[in-house]
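So the chains spell out like this:
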Amino acid sequence: MTNGKSGGSGAVVLSVDGVRKKIGRKWIIDDVTFDVREGEIFGFLGPNGAGKTTTIRMLVDLIRPSEGKITVCGFNVNRNPEKALQYVGSIVENPEVYTYLTGWENLQHFARMQPGVDKARIAEVVDIVRLDQRIHDKVSTYSLGMRQRLGIAQALLGRPRLLILDEPTNGLDPKGIKELREFIRKLADEGLAVFVSSHLLSEIQLLCDRVAIISKGRVLAVGGVNELVSRNSPYVLWELEPFDRAQELMIDRSDIQLLELSEVTLDDSIIAGMGPNSLITIMDEDLIPEIVAVLVTAEVEVRAVHKINPTLEQLFLKLTEGETID
Amino acid sequence: MINLLPLIRNECLKIIKKKRFYVILLILLVLVPMFTYAQMRIAERSQNKFNSDWRLEVQQQITDNQNSLGSDRIPEEWKSYRKIFVQQLQYYLNHDVNPNEPSGVTFTREFLDNSVTLFIPLLIMAVASDLVSGERTTGTIKMLLTRPVKRWKVLFSKMAALLMFVSLIVLSTFLVSYLISGLAFGYKGFNVPVFTGFQISGDSVDMSTVHAVPQWKYLLMQCGLIWFVSVVVALLAFMVSVLVRSTAASIVVMMAALIAGTILTNMASAWTTAKYLFMVNLGLTGYLAGTPAPIEGMTLAFSMAVLAVWGLASVIISFTVFTKRDILN
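Calculation notes
Residues numbered from 1 in each chain as written. Chains lettered and ligands numbered in written order. Predicted model: local features only at pLDDT ≥ 70, side-chain atom pairs only at ≥ 80, totals over all residues. Heavy atoms only, no water. Helix = DSSP H or I, 4+ residues; strand = E, 2+ residues; numbered from the N terminus. Rg over C-alpha atoms; globule rule 2.2 N^0.38 Å. Buried < 20%, exposed > 50% of the residue type's maximum accessible area, 1.4 Å probe, protein only. Contact = heavy atoms within 4.5 Å. Lys, Arg positive; Asp, Glu negative; His and termini not counted. Charge placed at Lys NZ, Arg CZ, Asp CG, Glu CD. Domains from an automatic or database assignment. UniProt positions renumbered as here; feature names shortened; annotations may be inferred. Pairing = 2+ DSSP bridges.

(A) Focus on the overall build of chain B. Check the secondary structure of chain B and you find 13 helices and 4 strands. Over its C-alpha trace chain B gives a radius of gyration of 22 Å, about what one expects of a compact globule, namely 20 Å for 329 residues. Projected onto its principal axes, the C-alpha coordinates of chain B cover approximately 70 × 45 × 30 Å. Within chain B, the proportion of its 329 residues that are buried is 49%. Residue pairs in contact within chain B that sit at least 24 positions apart in sequence constitute 76% of those at least 6 positions apart. Distance from the positive charge centre (28 side chains) to the negative charge centre (18 side chains) of chain B: 18 Å.

(B) Just the domain arrangement of chain A, in detail. Considered domain by domain, chain A is made up of domain 1 (12–229) and domain 2 (234–308). Of note, the centres of domain 1 of chain A and domain 2 of chain A, computed from C-alpha atoms alone, are 43 Å apart.

(C) Layout of the UniProt feature "domain: ABC transporter" (unreviewed entry) in chain A. The residues that UniProt annotates with the feature "domain: ABC transporter" (unreviewed entry) are residues 14–241 of chain A. With 32% helix and 31% strand, residues 14–241 of chain A has its two end C-alpha atoms placed 55 Å apart.

(D) Examining the pairing of strand β4 (residues 67–72) of chain A more closely. All names here are of chain A. Of the pairings in the sheet, the one linking strand β1 (residues 12–23) to β4 comprises 5 bridges and is antiparallel in character. If you follow D17 over to β4, its bridge partner there is K69. Counting the residues between successive antiparallel strands, the hairpin from β4 to strand β5 (residues 75–76) contains 2 residues, one of them, C73, with a positive phi of roughly 50 degrees.

(E) Representation of unusual backbone geometry within the structure. Backbone torsion omega between E241(A) and P242(A) reads -5 degrees, so that peptide bond is classified as cis. Position of P242(A) among the secondary structure elements: in the loop between β11 (235–241) and α9 (243–251). Despite not being glycine, E299(A) has its phi angle at roughly 60 degrees, a positive value. As for its placement among the helices and strands, E299(A) is situated in the loop between α11 (288–297) and β14 (301–308). Residue classification places E299(A) among the exposed residues on the basis of a relative accessible area of 68%. Positive phi is not limited to glycine here, since D96(B) has a value of about 55 degrees.

Here it is in structure tokens:
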């Protein structure tokens, strides 16, 4: 397990150190530690109920941690929220804005709550999220995607150095998700630290530079997405004839792990495409040519070899020992 | 550091845009004409009966009440209430002053007297009850509290906006009632004398401190007391709205308390410790008019002190809870 203090190069914007939270008699959050640096997109991954939202609420002073310390740009969020939250733009859960006000009135409302946001800045963020056509309409007439964009505009108002987005792709269509992903990447390239929570592994893998995996209130791993993923060997699917012979050859090797179909997490489309004589293995990809040679000399027909790159999902299942993620 | 003024402006803007205040005005505009019409019918009837001689009418009222005192079926408490009423009417008659001089001003005075314990508090709840719980129901509280502003400032701005609207509600109740009833009864009558200062002990009235004040002065005192009651009710409703997550629950809690108050006022004279409850102390204007207090030993100063303590306590509780509490959902 990495300690979360490594990786990245920019200045640390958000630092979460040994945070725990007790509600009633239960430790809802039990030891969460990680850093988020400027210019990086940091993913916060875990199943529903793992403590993602509780952690996010602690980051923005909605909930006070029982133990531990959260600092933003050097200011303690809970002791000095007036300073620390100045650098934070956030959407906690859904982008809930006042539906009886227009988009513009909403932004004005939040602009009055932070220093240095004038009319020009409001117009600027409206432009950034491309809401200029509808900004003077009541929010109650907005679609979910537009509310999401208004939420982001609101979060960007105060020129934050840290942007916190809780499940930002919830309720967006595939096109909206792609746009949002590009948008977040652009913000990070401009130096913003972006903290994104999600229960969708693919989402995090596509979007984030680094990731923390949380389950049952504990952070199980923190690290670069690629670094974490490469700790796992890829799946290699074989289609071989005769099947029994091939299985015998493989089963003896210590560097190959044979798997049953029920043990693996693969896309349905891949499983559907597999013939009856398929073998699923986990092995180093450099071994493939050697194995092919062995099979061929043993007069086994190699019909197909298919390598499936490792995913966060595999890592996740390994870390949580099969806890489901939905 | 964020100034408080922009925050208060935000809160006022939200109350206006939520159209709560318009609803209150609308309620007044619908109900006041109804009461005015009812009052007009009463005036017409007594005119036919007594040929516009108010002395005959008052004399009749006195006789009616005195007759009923002999009946065994009337409870003792009502009897003492009626005895007091008779003495007051007699005082008006002796001084040749019509206690019910029909005018827009008199109507307003009576309307305010009748609305201080339930009607005006209800109007105030329309604004106060969802100030905080409304933000929690919609989830906007998260947006509000993740700004770089201390929580007490957010709450203070809400409270300040609330007090402004409370004043506005009291003022509009007065204005709407005067303007509409004036159409029927005329706009004059500000200088008509009204007696105040009746000292009630048991079922006798001490007249030594009674003095006449012009009706405008009486109305001013009345509005001041109503404003005080309204502020306390607003602060209580505000506290409930901080404590309870849903607006519906917050309204129900306050309604129950207010209605319990009107019920208790009618039957709690035996249970004397009930006088420390805020809801039996809401009828401050009754002390001006000289109606007997619901529980023996209650005076204007006592009631105001009780209300002030309740109001202060709710402010303290509101701020303590709001600044400390975790926002879990």
